Amino acid sequence: MEKSYDPAEVEGRIYDFWISSGLHKSEITNSAKVFSIVIPPPNVTGSLHIGHALNNTIQDILIRYKRMKNFDVLWVPGTDHAGIATQMMVEKELASEGLTKNDLGRDKFLERIWQWKENSGSRITEQLRRLGALPDWEMERFTLDEGLSEAVRKVFVDLYSQGLIYRDKRLVNWDPELRTAISDLEVEQRETRGNYWYIRYPIEGDDGLSVTVATTRPETMLGDTAVAVHPDDPRYSALVGRNAVLPLVGRKIPVIADEYSDPEKGTGAVKITPGHDFNDFEVGKRNGLDIINILDERGYVEGDVPEKYSGLERFEARKAVIKDLEDGGFLVKVEQTVHMVPYGDRSGAVVEPWLTDQWYVNAGELAVQAISCVERGDIRFHPRFWENTYFEWMKNIEPWCISRQLWWGHRIPAWYGPDGEIFVAANEHEAIACAEKHYGEEVTLVRDPDVLDTWFSSGLWPFSTLGWPQDTEELGHYYPTSCLVTGFDIIFFWVARMIMLGLKFMDDVPFRDVYVHGLIRDAKGRKMSKTTGNVIDPIDVIEKYGADALRFSLAALAAQGRDIKLTFPVIEGYRNFMNKIWNATRFVFMNLEPGLVYDSDVDSSRLSVPDRWILTRLNVTLGEVEGFIENYEFDKASQALYHFIWDDYCDWYLEISKFSLYGEDGESKKTTLNVLVRVLLRSLRALHPFAPYITEEIFRIFGEKGVSLPESEGLGSKSILDVQYPTPSENEMFKDESEQVELVKSVVTGIRNLRAIMGVHPSDKVSIHLNSESGEIEDVLRENLEIIFGMSSLGDCVVCGGDFQGKAISEVVSGVEIVMPVENLLDLEKEISRLSKDLAKVSQELKKTEGKLANSDFIKRAPEDIVEKERGKLDEFQSHKKKLEEILRKLSAV
RNA sequence: GGGCGGUUAGCUCAGCGGGAGAGCACCUGCCUUACAAGCAGGGGGUCACAGGUUCAAAUCCUGUACCGCCCA
């Protein structure tokens, strides 16, 4: 083995081994234990960012863990066609060739995107492999696969036939740059600096009488069809029912009373533009107002407007309108303001409310079940508080606009007859049949040119990937899936829709648990973005530190309900941990004895005190880790393993083992080696979901070295993944011996401290006197003298030698007085001050404990074990204090 | 404006009713044949603030302040 772990050398080889061994493949058995996950499909155009790395690390941990727990596991990988994102990207590519999609035409353009997908669409899944993610690649799906498209068509047709999908003419969020409708969720409200323009609208037939309205979008006045005031606003009551004359246009528009108008805001009178504002649209509906459209699909002024504005881009039109209002004396004042402006999340363009025909899903009705299933606990969010966010949105859900004026995506399965009659069908053939029945003759149908919102197809992902609408074996076996791992940013976009559609079409929830992880931020807590230039590319990290270090870092930082600030020193720390494991293994291999069988049933009577201690610590840790993983507490699970392996196994057990390994007693040596190997192997298995590469590699080397392992430790298994996940064994928990080692450890640390204070060179031997008031403790010390000697490099040690009278420095630890004779105290003052500090601390603790025990309420009301514990503390503190005082008295006398 | 998180060691964060913890950084000493990507030792915190509940509060409740996110 090399001196340092080299992930670059290992990872590719191990991944190929997993695939060639078929370890990724799922297998349906008749096991009752099933665990399935569907990947949140990344955009096919994307490349792996650090958020994907977190998301997929967690899924991979769960999958590997459950596989080792003998579950039937399935992890479905795949990608999303990502309508807008992909189309934009290919359009951009075309633009660099001086072409537009219209030059190619629909079919050629789609051909081009497919071609792109064939060539470059597997980039992100390749990168997932680098991370060590091991989904069942044979189950890989793409949202535009034929099977998934069939699912989409069926869902559309069924929902349409039930009236849950319908076509409607209403205002939508229109992205003038992409020239498509987008859903509410794709609109980002951003605080933007702007102005309030106060515009005076003269009242018809009354010179000098006017009403002033304020607006942030003055150009929309061209489409005004009313002025609204509050019914109870006395300032305007006389005007209600009269007409205002729209400046620049000359149109007469009524002054109406409507509660929408807020007397507190602006002038209390508002202009109403039903064609270009969501609220005004509602006011218009209530009051039977005309709707005037003044914009085309690009956001240029058109329609029934004065000639001079026609053809102007919307912001140019704004300037022109303002100038003309000013010139005409209609502009009363301008006020600077900060207000919310809607932007398209993809294009970054200002979104316009625009009146069009679009397809909608009646989300309100689907939400009813989706809400109650979470209320009932059929689906549980982790952490729980995300359920509030979910409920809040679901209870106020709006119709979901699902049509997009794009080419890339699932084309809407709707055809129009010559008179506009709609025929929705799974395919053209059926649509024609329906149409013939309807018209009684053959007619030409025109298919709806639009495609569906990408989230419509990904909303079906948990069952469409398993073969629905076919009744496949996978669907029966793996649905509902066990857990969904996702970021909170797509709870509405995706999670909510999967729940609605899963309940509707599968009659069951799509998943039992939703684990919501945080967002990865940079060292300063900022979002990572290309423009800020603070992105950490997971592939770079993998190349520099290895996939295991990255995975372990992400797991260790994944505290529930919190974002993750990822920094290189942390990753480096866990890279070092991998190296630590590597070197511990090297140590074990250096001491392996050829032909020795590392059976897991060592005669327990042979186990030494440290053996029993490390086994206990292992089993405690294994129990913790299991609980943590089951609760999605990956931070705690990984940290428990980290501390066990580094602190307990490497820093103490491995060091202690040397006394036996380098000693003369053959039997003891054999037992120690057995324990060393067993604990290492079980740790590796426990660690495998977190750090799959290094653990598999070490397991492989064990096989290569011909080490004879018992079956329970993986004998005969080609992969560590095929060995059972280690579980704590009750009969390897030794309470007494564990406490003994903890005592010995604190004494050793105490001695080392005294050595450090005196500046004793590590290789110099020193003499020590140990005293305790407890004979029991002294027995423990005597029984473990070899460890104390070795671990603190002693030349001589007297246990219970009574008071030592010569020059010495001392320390009191766990009821043991440690006395180290010295030739001369270098700094008496410093020594006194050090011990006085200890004394002050103990005295304070003692006082607190005494206070508690003197309190009759405490004795009466506190549980007995707490009181008992407090009594124990009293003894300990008293003896500690007494010893310190004696030492200090002696020192002062010098 | 409504909702949800957060405020603990210099930094990043665990702990969430019974003796204040980790990693990094810092200080001191060590290249001790597993590892200098390391070893050993050490310093460092009125747990944001104010009330309350309790025998007992960093931990539960109420309020305040500040930071962040989501929705209007």
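Residues numbered from 1 in each chain as written. Chains lettered and ligands numbered in written order. Predicted model: local features only at pLDDT ≥ 70, side-chain atom pairs only at ≥ 80, totals over all residues. Heavy atoms only, no water.

### Overview of the overall build of chain A
When you go through chain A residue by residue, the secondary structure sums to 29 helices and 29 strands. Going through the 894 residues of chain A one by one, you find that 54% of them count as buried. Long-range contacts, defined as pairs at least 24 residues apart, comprise 77% of the intrachain contacts of chain A with a sequence gap of at least 6. Carbon and sulfur atoms make up 47% of the accessible area of chain A, which totals about 39600 Å². For chain A, the separation between the mean place of its 104 positive charges and that of its 146 negative charges on side chains is 4 Å. (Helix = DSSP H or I, 4+ residues; strand = E, 2+ residues; numbered from the N terminus. Buried < 20%, exposed > 50% of the residue type's maximum accessible area, 1.4 Å probe, protein only. Contact = heavy atoms within 4.5 Å. Areas by Shrake-Rupley, 256 points an atom, 1.4 Å probe, with all protein chains shown as cover. Lys, Arg positive; Asp, Glu negative; His and termini not counted. Charge placed at Lys NZ, Arg CZ, Asp CG, Glu CD.)

### Some words on the protein's contact with RNA strand B
With respect to spatial proximity, 44 residues lie near RNA strand B, and among them Arg-562, Lys-580, Arg-861, Pro-863 and Phe-877 are the closest. Within 4 Å of the protein, the atoms of RNA strand B are drawn from sugar and phosphate moieties in a proportion of 64%. Backbone polar atom of Cys-650 to a base nitrogen of RNA strand B: 3.2 Å apart, as the coordinates give it. Of all the secondary structure elements, the ones that give two or more residues to the surface near RNA strand B are helix 19 (568-591), helix 21 (634-661), helix 24 (735-758), helix 27 (828-854), helix 28 (856-861) and helix 29 (864-893). Per-element accounting of the surface near RNA strand B gives the leading share, nine residues, to helix 19. When the residues that make up the surface near RNA strand B are grouped by side-chain class, the tally is 17 nonpolar, nine polar and 18 charged. (Near = heavy atom within 4 Å. Polar contact = N/O pair within 3.5 Å; in protein donor to acceptor, adjacent residues only side chain to side chain. Nonpolar A, V, L, I, M, F, W, Y, C, P; charged D, E, K, R; others polar.)

### Quick word on empty space enclosed by the protein
Across all of its chains, the model carries one cavity of 30 Å³ or more by this definition. A volume near 40 Å³ is recorded for the largest cavity. For the largest cavity, the full set of lining residues is Pro-610, Trp-652, Ile-656, Val-741, Val-744, Lys-745, Asn-784 and Ile-787. Those elements that place two or more of their residues in the lining of the largest cavity are helix 21 and helix 24. (1 Å grid on protein atoms, 1.4 Å probe; cavity = no way out; pocket = protein on both sides within 12 Å on 5 of 7 lines; lining within 4 Å. Points joined across faces, edges and corners; volume = space filled by probe spheres on them.)

### Section: the pairing of strand 8 (residues 210-215)
Most of strand 8 sits out of view: five of its six residues are buried. Across six bridges, strand 7 (residues 187-202) lies against strand 8 in antiparallel orientation. Bridged to Trp-197 within strand 8 is Thr-215. (Pairing = 2+ DSSP bridges.)

### Here's the deal with the pattern of salt bridges
Where side chains of opposite charge bring their charged atoms close, a pairing between them can arise. Tallied over the entire structure, the rule returns 57 salt bridges. Arg-64 is the salt-bridge partner of Asp-60, the closest N and O atoms lying 2.7 Å from each other. Remark: Arg-64 and Asp-60 occur in helix 2 (residues 50-68); sequence separation between them is four residues, near one turn of the helix. Assessed through its relative accessible area of 0%, Asp-60 is described here as buried. (Salt bridge = Lys/Arg side-chain N within 4 Å of Asp/Glu carboxyl O.)

### Some details on the pairing of strand 26 (residues 766-772)
Within strand 26, six of the seven residues are buried, leaving the element largely enclosed by the surrounding structure. Where strand 26 lies against strand 27 (residues 794-799), five bridges are found, and the strand directions are parallel. Among the inter-strand pairings, Leu-770 is bridged to a residue of strand 27, identified as Val-799. The sheet contact formed by strand 26 and strand 29 (residues 816-821) spans four bridges and is antiparallel. In the sheet register, Asn-771 faces strand 29, and the bridge partner there is Glu-817.

### Re the packing of aromatic side chains
One pass over the structure, following the stated rule, counts 37 aromatic pairs. Centre to centre, the rings of Phe-381 and Tyr-390 are 5.4 Å apart; their planes meet at 45 degrees, and the pair counts as tilted. When sorted by exposure, Phe-381 lands in the same class as Tyr-390, which is buried. Members of the aromatic cluster, connected to one another through ring pairs, are Phe-552, Tyr-574, Phe-577, Tyr-642, Trp-646 and Phe-690. Directly above the ring of Phe-142 sits Lys-117, whose terminal nitrogen or CZ lies 4.1 Å from the centroid. Just above the ring of Trp-137 sits the side chain of Arg-129; from NZ or CZ to the centre is 3.8 Å. (Phe/Tyr/Trp six-rings, centres within 6.5 Å; stacked < 30°, edge-to-face > 60°. Lys NZ or Arg CZ within 6 Å of the ring centre and 35° of its normal.)

### A word on the side chain of Glu-219
Within the secondary structure layout, Glu-219 lies in the loop between strand 8 and strand 9 (226-229). Filtering out sequence-adjacent residues up to four positions away, Glu-219 remains in contact with Ile-294, Arg-314, Ala-317, Arg-318 and Val-321.

### Quick word on helix 10 (residues 363-376)
End to end, helix 10 covers 20 Å across 14 residues, agreeing with the expected 20 Å (1.5 Å per residue, within 8%). Of all the residues in helix 10, the buried ones are Ala-363, Leu-366, Ala-367, Ala-370, Ile-371, Ser-372, Cys-373 and Val-374. At its buried positions, helix 10 is contacted by strand 14 (352-361), strand 15 (380-382), helix 11 (386-395), strand 16 (400-401) and helix 16 (491-506). In the segment just after helix 10, Gly-377 is the residue with positive phi, at about 90 degrees. (Expected span 1.5 Å × (residues − 1).)

### With respect to the environment of Ser-772
Within the fold, Ser-772 resides in strand 26. Separated by 30 residues in the primary sequence, Ser-772 and Gly-802 place their C-alpha atoms 9.3 Å from one another. Sequence-distant contacts of Ser-772, that is, excluding residues within four places in its chain, are made with Ile-777, Glu-778, Gly-815 and Lys-883. Only 3.0 Å separates the side chain of Ser-772 from the backbone nitrogen of Ser-774, close enough to count as a polar contact.

### What about the side chain of Thr-143?
Among the structural elements, Thr-143 can be located in the loop between strand 4 (141-142) and helix 7 (146-161). Within the local environment of Thr-143, its side chain forms a polar contact with the side chain of His-81, the two groups lying 2.7 Å apart. Leaving out residues up to four positions away in the same chain, Thr-143 has contacts with Thr-79, Asp-80, His-81, Leu-148, Ser-149, His-410, Ser-457 and Trp-461.

### Digging into the environment of Leu-839
Within the fold, Leu-839 resides in helix 27. Overall, the relative accessible area of 17% leaves Leu-839 in the buried class. It is 42 Å that separates the C-alpha atoms of Leu-839 and Gly-525, two residues lying 314 residues apart in sequence. With near-sequence residues (within four places) excluded, Leu-839 lies in contact with Lys-881, Leu-884, Glu-885 and Leu-888.

### Considerations on the sheet that holds strand 27
Spatially, the four strands line up as an open sheet ordered 27-26-29-28, and their pairing is mixed. Every interior strand has two partners, whereas the edge strands, strand 27 and strand 28 (808-813), have only one. This sheet shows a mean twist of 20 degrees between the axes of neighbouring strands, independent of strand direction. Pairing of strand 28 with strand 29 involves six bridges; the strand directions are antiparallel. Directly across from Val-812, in strand 29, lies its bridge partner Glu-817. Docked against the sheet, helix 25 (residues 775-783) engages strand 26, strand 27 and strand 29, running at close to 150 degrees with respect to strand 26. (Axes fitted to C-alpha atoms, helices over the stretch in contact; angles between N-to-C directions.)

### Notes on the sheet that holds strand 5 (residues 165-175)
With antiparallel pairing, the four strands of this open sheet are ordered in space as 6-5-14-16. Each end of this open sheet is capped by a strand with a single partner; those strands are strand 6 (180-182) and strand 16. Where strand 14 and strand 16 come together, two bridges link them in antiparallel fashion. Its bridge partner being in strand 16, Tyr-360 is matched across the sheet by Cys-401.

### Re unusual backbone geometry
Cis rather than trans, the peptide bond between His-382 and Pro-383 has omega equal to -5 degrees. Here Pro-383 shows up in the loop between strand 15 and helix 11. For the bond running from Trp-468 to Pro-469, omega is 10 degrees, close enough to zero to count as cis. Along the chain, the position of Pro-469 falls in the loop between helix 14 (461-464) and helix 15 (473-478). The phi angle at Ser-793 is positive, at roughly 50 degrees, despite the residue not being glycine. Turning to its location among the elements, Ser-793 is positioned in the loop between helix 26 (785-792) and strand 27.

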